[in-house]
Amino acid sequence: MRGPVYVGDTLYAVVETTASRPSSKPGRGVVTSRITVRNQRDEDVLVYTPVRLIRGRDYGAPTR
């Protein structure tokens, strides 16, 4: 948390991909990004870094 958010504020998010790599399982990758939430005065109010497991183009659905 970088600052307060009030009722009526206009918020928007800026997303920057900071890293990507293949996972240990085929067809998937790990993507790290930095998300900055800003208000109408262009002040940062929240910054966080999620790490996500993403399905890749070569993903094959598991067979049963």
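Residues numbered from 1 in each chain as written. Predicted model: local features only at pLDDT ≥ 70, side-chain atom pairs only at ≥ 80, totals over all residues. Heavy atoms only, no water.

Asks: Describe the pattern of salt bridges, naming the residues involved and giving the relevant values.
Replies: Per the stated rule, a full pass over the model turns up three salt bridges. Ionic pairing is found between D44 and R38, a salt bridge with its closest N-O pair at 2.9 Å. Its relative accessible area of 26% is what places R38 among the partly exposed residues. The shortest N-O distance in the salt bridge between E43 and R41 comes to 3.4 Å. A relative accessible area of 47% means that R41 is categorised as partly exposed. Connected through salt bridges with shared partners, the residues R38, D42 and D44 form a single ionic network. (Salt bridge = Lys/Arg side-chain N within 4 Å of Asp/Glu carboxyl O. Buried < 20%, exposed > 50% of the residue type's maximum accessible area, 1.4 Å probe, protein only.)

Asks: Now, about the pairing of strand 1 (residues 12–22): what can you tell me, with residues and values included?
Replies: Sheet faces and side chains relate simply in a regular strand, where the side chains alternate between the two faces. As paired elements, strand 1 and strand 2 (residues 28–38) share 10 bridges and run antiparallel to each other. Counterpart to A13 in the pairing with strand 2 is V37. Linkage of strand 1 to strand 2, two consecutive antiparallel strands, is achieved through a turn of five residues, within which G27 is found at a positive phi near 85°. (Pairing = 2+ DSSP bridges. Helix = DSSP H or I, 4+ residues; strand = E, 2+ residues; numbered from the N terminus.)

Asks: Describe unusual backbone geometry, and please don't skip the residues or the numbers.
Replies: Most of the time, phi is negative for any residue but glycine, and the peptide bond is trans. The phi angle at D42 is positive, at roughly 60°, despite the residue not being glycine. Checked against the element boundaries, D42 lands in the loop between strand 2 and strand 3 (44–48).

Asks: Just give me the short version of the environment of R57, but keep the residues and values in it.
Replies: Examined against the element boundaries, R57 turns out to sit in the segment after strand 4 (51–55). With relative accessibility at 89%, the residue R57 sits in the exposed group. On a C-alpha basis, the gap between R57 and P22 in space is 12 Å, while along the polypeptide they are 35 residues apart.

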